[in-house]
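Listed below are the residues making up each chain.
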Amino acid sequence: MNIWERLQRIDRRLIFVLIAAVVAVPLIWPPQPQLQISPPTRQVYDFLEKLEPGSVVAICFDYGPSSAPELDPMAYAIIRQCLTKRLKVLVMTLDITGKQMKTHALNRVVRQVQQEGVKVVGGEDYLDLPYQPGYSAVVLGMGEDVHKVYPVATADGQQQPIGAWPLMGRVRTIRDIALIVDLASSNTPSMWVAYGGSRFGAKIAAGVTAVMVMDYYPFLQSKQLVGLLGGMKGAAEYEQLLGKPSIGMSGMGGQRWGHLVIIAFVLLGNIGYFAARRAARRAAQAPEVG
Amino acid sequence: MFVQFFVPHKLSQDALKYMTDWMRIIGTFALVLGIGSLIQRHTARIRQRHRDAPYSAVALCCFLAMVVLGIGWKTEEGSPFDWGFTYVFMPLDATMFSVLAFFMASAAYRTFRARTPEATLLLVASLALMFGRIPLHQALDPHLAGVAEWIMAWPATAAKRGILLGVALGSMAMSLRLLLGIERSHLGTGKEG
Amino acid sequence: MDPAPVAQAFSPTVTALGIWLGALLTLAIYSFLYRDNPIYKLAEHIFVGVSAGYYVGVTFWDTAVPKIWQPLFDPIAVGRDRPDWLVIPPALLGLLIFTRFFPRAAWLARLPICFIIGAGAGVAIPTAVQAFVLKQVSSTMVSLYPHEAGQKVAQSLIGGAQNLLLIVGVIAVLCYFYFSKAHRGALGVGARLGIWLLMIAFGATFGNTVMARISLLIGRLRFLHEDWGPMVGLGPEMARGLHAQPWRFAVAGAILLALLALLVRYERRAAARQPEATEVEE
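Here is what the cut-offs are and how they apply
- Within each chain, residue numbers correspond to sequence positions counted from 1 in written order.
- Chains and ligands are labelled sequentially in the order written, the chains with letters from A and the ligands with numbers from 1.
- Given that the model is predicted, a residue must reach a pLDDT of at least 70 before its local features are reported, and side-chain atom pairs must reach 80 or more before they are shown or counted; all residues, however, enter totals for whole chains, interfaces and linings.
- Numbering of helices and strands runs from the N terminus; a helix is a DSSP stretch of H or I covering at least four residues, while a strand is a stretch of E covering at least two.
- Just to be clear, the radius of gyration here is over C-alpha atoms, and the globule rule we use is 2.2 Å times residues to the power 0.38.
- Exposed residues have 12 or fewer other C-beta atoms within 10 Å of their own C-beta, buried residues have 20 or more, and partly exposed residues fall in between, where C-beta atoms are placed from the backbone.
- Working definition of a contact: two residues with C-beta atoms, positioned from the backbone, lying within 7 Å.
- Three categories are distinguished: nonpolar for Ala, Val, Leu, Ile, Met, Phe, Trp, Tyr, Cys and Pro, charged for Asp, Glu, Lys and Arg, and polar for the others, with Gly belonging to the last.
- pLDDT is defined as a per-residue confidence score from the predictor, taking values between 0 and 100.
- Domain start and stop points were drawn from an automatic or database domain assignment.
- The axes used here are C-alpha line fits, helices contributing only the stretch in contact, and every angle between their N-to-C directions lies in the interval 0 to 180 degrees.
- Should an angle fall under 35 degrees it is called roughly parallel, over 145 degrees roughly antiparallel, and 65 to 115 degrees roughly perpendicular, with every other angle called oblique.
- Each crossing is labelled by how the near helix is turned from the far one, with a counterclockwise turn of less than a right angle marking it left-handed and a clockwise turn marking it right-handed.
- Here, any two strands with at least 2 DSSP bridges between them count as paired.
- Crossover handedness is defined by viewing with both strands directed away from the observer: a clockwise path from the first strand over the helix to the second marks the crossover as right-handed.
- To define a nonpolar core, we join buried Ala, Val, Leu, Ile, Met, Phe, Trp, Tyr and Cys residues through C-beta atoms within 7 Å and take the resulting set.
- Here, expected helix span is obtained from the residue count minus one, scaled by 1.5 Å.
- The angle between axes fitted to the seven residues ending at a residue and the seven residues starting there is what we call the bend at that residue.

1. Points about the overall build of chain A
Check the secondary structure of chain A and you find 12 helices and eight strands. For 290 residues, the compact-globule formula gives about 19 Å, and the C-alpha radius of gyration of chain A, at 24 Å, lies well above that figure. Dimensions of chain A, computed from the C-alpha atoms along their principal axes, are close to 95 × 40 × 30 Å. Within the span of chain A, comprising 290 residues, buried residues form 61% of the whole. If you take every contact in chain A between residues at least 6 apart in sequence, the share linking residues at least 24 apart comes to 72%.

2. What about the overall build of chain B?
When you go through chain B residue by residue, the secondary structure sums to six helices and zero strands. In chain B, the order of α-helices and β-strands from amino to carboxyl end is α-α-α-α-α-α. Principal-axis analysis of the C-alpha atoms gives chain B an extent of 60 × 55 × 40 Å. Expressed as a percentage of the 193 residues in chain B, the buried residues total 42%. In chain B, the share of contacts with a sequence separation of at least 24, taken over all contacts with a separation of at least 6, comes to 2%.

3. So, the interface of chain C and chain B
If you look at the interface, chain C gives 96 residues, while chain B gives 92 residues. Put simply, the parts of the chain that give the side of chain C that touches chain B at least two residues each are α1 (12-30), α2 (38-73), α3 (88-96), α4 (110-140), α5 (153-176) and α6 (185-228) of chain C. With 24 residues, the single largest contributor to the side of chain C that touches chain B is α2 of chain C. Within the side of chain C that touches chain B, the residues separate by chemical class into 68 nonpolar, 22 polar and six charged.

4. Looking at the interface of chain A and chain B
Each partner contributes to the interface: chain A provides 44 residues, whereas chain B provides 47 residues. The set of elements that each furnish at least two residues to the side of chain A that touches chain B consists of α2 (12-28), α5 (98-115), α6 (136-144), α9 (217-221) and α12 (252-285) of chain A. Per-element accounting of the side of chain A that touches chain B gives the leading share, 11 residues, to α12 of chain A. Along the lines of polarity and charge, the residues of the side of chain A that touches chain B split into 20 nonpolar, 18 polar and six charged.

5. Overview of the confidence of the model for chain B
Residues at a pLDDT of 70 or more form 96% of chain B, whose mean pLDDT is 87. Both scores are available for the predicted complex, with the pTM at 0.87 and the ipTM at 0.89.

6. Section: the domain arrangement of chain A
Domains assigned within chain A are domain 1 (3-28 + 254-285) and domain 2 (39-248). The straight-line distance from the C-alpha centre of domain 1 of chain A to that of domain 2 of chain A is 41 Å.

7. What about the packing of helix α3 (residues 80-111) of chain B against α2 of chain C?
Relative orientation of the contacting elements α3 of chain B and α2 of chain C amounts to 130 degrees, with a least axis distance of 10 Å. Considered as vectors, α3 of chain B and α2 of chain C are oriented oblique to each other. Regarding α3 of chain B and α2 of chain C, the two cross each other, and that crossing is left-handed. Of α2 of chain C, the residues touching α3 of chain B (which contributes Phe81, Gly84, Phe85, Val88, Phe89, Leu92, Asp93 and Met96 of chain B) are Ala43, Ile46, Phe47, Val50, Ser51, Tyr54 and Gly57 of chain C.

8. Comments concerning the environment of proline 103 of chain C
Residues and elements named next belong to chain C. Mapped onto the elements, proline 103 comes out in the loop between α3 and α4. By C-beta crowding, proline 103 is classed as exposed, having 8 other C-beta atoms within 10 Å. When the C-alpha positions of proline 103 and tryptophan 228 are compared, they lie 52 Å apart, and in sequence the two are 125 residues distant.

9. Side note on the pairing of strand β5 (residues 158-161) of chain A
Residue and element names in this part refer to chain A. Here strand β4 (residues 152-155) runs beside β5; their pairing, made up of four bridges, is antiparallel. Across the sheet, the residue bridging to threonine 154 is glutamine 159, located in β5. Hairpin connection from β4 to β5: two residues lie between these consecutive antiparallel strands, with aspartate 156 at a positive phi of about 55 degrees.

10. Quick look at the pairing of strand β7 (residues 204-208) of chain A
Residues and elements named next belong to chain A. With five of its five residues buried, β7 lies for the most part within the structure. Alternating residues of β7 divide into Ile204, Ala206 and Val208 and Ala205 and Gly207, and every residue in both groups is buried. Judged from the five bridges that link them, strand β6 (residues 179-184) and β7 form a sheet pairing that is parallel. Residue pairing in the sheet places alanine 184 in a bridge with valine 208 of β7. Between the parallel pair β6 and β7, the chain is carried across by helix α8 (residues 188-200), and the sense of this crossover is right-handed.

11. Some points on the nonpolar core
With 212 residues, the main nonpolar core has Val57, Ile59 and Ile79 of chain A as its most contacted residues. With 21 residues, the single largest contributor to this core is α6 of chain C. Leave out the neighbours within four places in its chain, and isoleucine 79 of chain A touches Ile59, Val89, Ala105, Leu106 and Val109 of chain A.

12. Side note on the packing of helix α6 (residues 155-179) of chain B against α6 of chain C
For the pair α6 of chain B and α6 of chain C, the least separation of the axes is 8 Å and the interaxial angle reads 105 degrees. Between α6 of chain B and α6 of chain C, the interaxial angle falls into the category roughly perpendicular. On the side of α6 of chain B, the interface is formed by Pro155, Ala156, Ala158, Ala159, Lys160 and Gly162 of chain B, while α6 of chain C contributes Gly194, Leu197, Leu198, Ile200, Ala201 and Ala204 of chain C. Along the lines of polarity and charge, the residues of the contact of α6 of chain B with α6 of chain C split into nine nonpolar, two polar and one charged.

13. Thoughts on the environment of lysine 17 of chain B
Take lysine 17 of chain B: it is sitting in helix α1 (residues 10-47). Apart from the residues lying within four places of it in its own chain, the contact partners of lysine 17 of chain B are Gly141, Glu144 and Lys148 of chain A.

14. Regarding α3 of chain B
All names here are of chain B. For α3, built from 32 residues, the straight-helix expectation of 46 Å at 1.5 Å per residue is met to within 8% by its first-to-last C-alpha distance of 46 Å. At phenylalanine 89, α3 is bent by approximately 35 degrees, the largest bend along its length, and proline proline 91 sits one to four residues beyond. Across the 32 residues of α3, 23 count as buried, placing the element largely inside the fold.

15. Thoughts on unusual backbone geometry
Its identity as a non-glycine residue notwithstanding, arginine 86 of chain A has a phi of 65 degrees, on the positive side. With respect to the helices, strands and loops of the structure, arginine 86 of chain A is situated in the loop between α4 (68-84) and β2 (88-92). On the neighbour-count criterion, arginine 86 of chain A (15 C-beta atoms within 10 Å) is partly exposed. Even without being a glycine, arginine 49 of chain B presents a positive backbone phi close to 50 degrees. Its place among the elements puts arginine 49 of chain B in the loop between α1 and α2 (53-73).

16. Concerning the environment of leucine 64 of chain B
Residues and elements named next belong to chain B. Position of leucine 64 relative to the elements: it lies in helix α2. For leucine 64, a count of 15 C-beta atoms within 10 Å puts it in the partly exposed group. Along the backbone, leucine 64 and methionine 90 are 26 residues apart, and their C-alpha atoms lie at a distance of 18 Å.

Encoded structure:
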């Protein structure tokens, strides 16, 4: 068995250990790379920067813990930008696992900005809408009357009828929301585009896991999405634009080395494949020893 | 609902409002149905003293614990239910999916081969994307990122749009079949037409 | 790097207990990477039970109570001055779903299913046509010479070439997915080009998938290092120590690799002694 055949048969557990090592080490020594900002990320950032203070932004947490490493950094960055720019924030979810994600993210960022001296008040500057099943039914209902879809809402752990919150005096239908940012690990952005955007004219931006980002480029080109954040890199780019590197940026070191190792594996595997194929051809063409 | 889309009259808009309300309420009961099936399966394994019956018992105990915590102490941040979500559900859910990173690396090493011209094109595109999505070197990054962004914005978008159109037309055809009663698999009859 | 620590929702002891539990469950799932084992199965079944219980808890308080119970029996809590009797018909329809467990009445379960599917399909058709067909097709009809004021001719030509690629690409991919006619002649050429573009798209998707999967791994390793690590001496303080003496890290890594190599060697020898007990390769 030559070296290439041995490499083809390498125990997969050694591959596992190598991947774990190259991803873990940069967490211990996090680099601070300068990223190239992609146009779709900049479009989301610029759109929010241009909104007037007091505009309402809805952030929809359509993901669960399994996608949190990619989408939580986006959520933190966008909520931070909105609160520091005096935009009003509504957090909501159409996904049952997004309920705790939205509450954790909102409360975490609110505490952080308050510690930094930014004055934000629950019910006036931010509000937490409860989970509602039904996906498109919820969006269609919001197009008619948000107050009917969400009879109650929560701020700082206190739940009240939705009309009691000052922020909701600005919002009656989906048209009163300046931008809806859907952070998703499923196909809810296309549902928002179809029902919220096409039907009611709402402005939609999406933050999706890297697996799905290609599926939404057609909507970006057709301007049905105002912008698109893709995976941990999209989150890191957004943090760089805000000037507040955080967990998204700190993960890019592991991304770099993990990618390089997988690229090396793929190239090594192909080199071995072609070497083995050439050796087999030579063996087939060699005259038989009589 | 199909006709409602084209009728702007207030009655039509009210009909949309009530129909969507009703869909949401019925959706609540559909969720419970799935849970019932799960309980049925695991209790059957315990009754039949299946080899994995102890694990099924653990699953049912954890289910009951979360239900009791959720209904008894509510689901707000800081509640026991929230604790169960944060320190049991979240780690398990996240770790289950993170295992894919290892299997993907192993599978890429063993099976990602440029056997045909099409596979070579796939390989080259994926390498270009992978290089373009990571910070390598200040001098290289703008060019690599530019190539990756161009691939995503133009040829890949064209292909994805073609797929999107095909899927949209297919789902429209299926919806029409459902409305016209040609497709009745959701009724469980297994027969058509 | 990370923002200042925020107030914990739980007491320190409860938080520490939770972090230990989360770390042990994480390592239990990762034990599957070595081989399938009872610890992994236990963690897997805990996940099944906890996730199902989570769905019930959230649905009860966020939907059943404010959308069904309170409108009928506590309307003031939802900002109404009188009960909303219109909640009763959908609630009854929803209850009919459970008739599927009773053979004689199981046919009634079709009513709510038909309602949801019919209403959903009726809403979906015009919306899908508008958002996914008409808008996507109109966005494909782009100028082959997109010249803007002040733009150089070369830039406009490049823009036109890109737009041409988009138009031809969409048509080519649609040619590939048209299976009612044999892929010969012009249709065959279009289908061939469509396959190439699909390969580019799938390659791009794979490249992004690598990032997605590694992100998930980073999330878990970050939890183990930053949340659980300080409790077992593997946290950021260890990292600061390693910055001062990096040779420790190399030694620890070498020991771990040697242990793993020994484990693998032991397993292979055991498998060679019992060939009928080998596990299935991936």
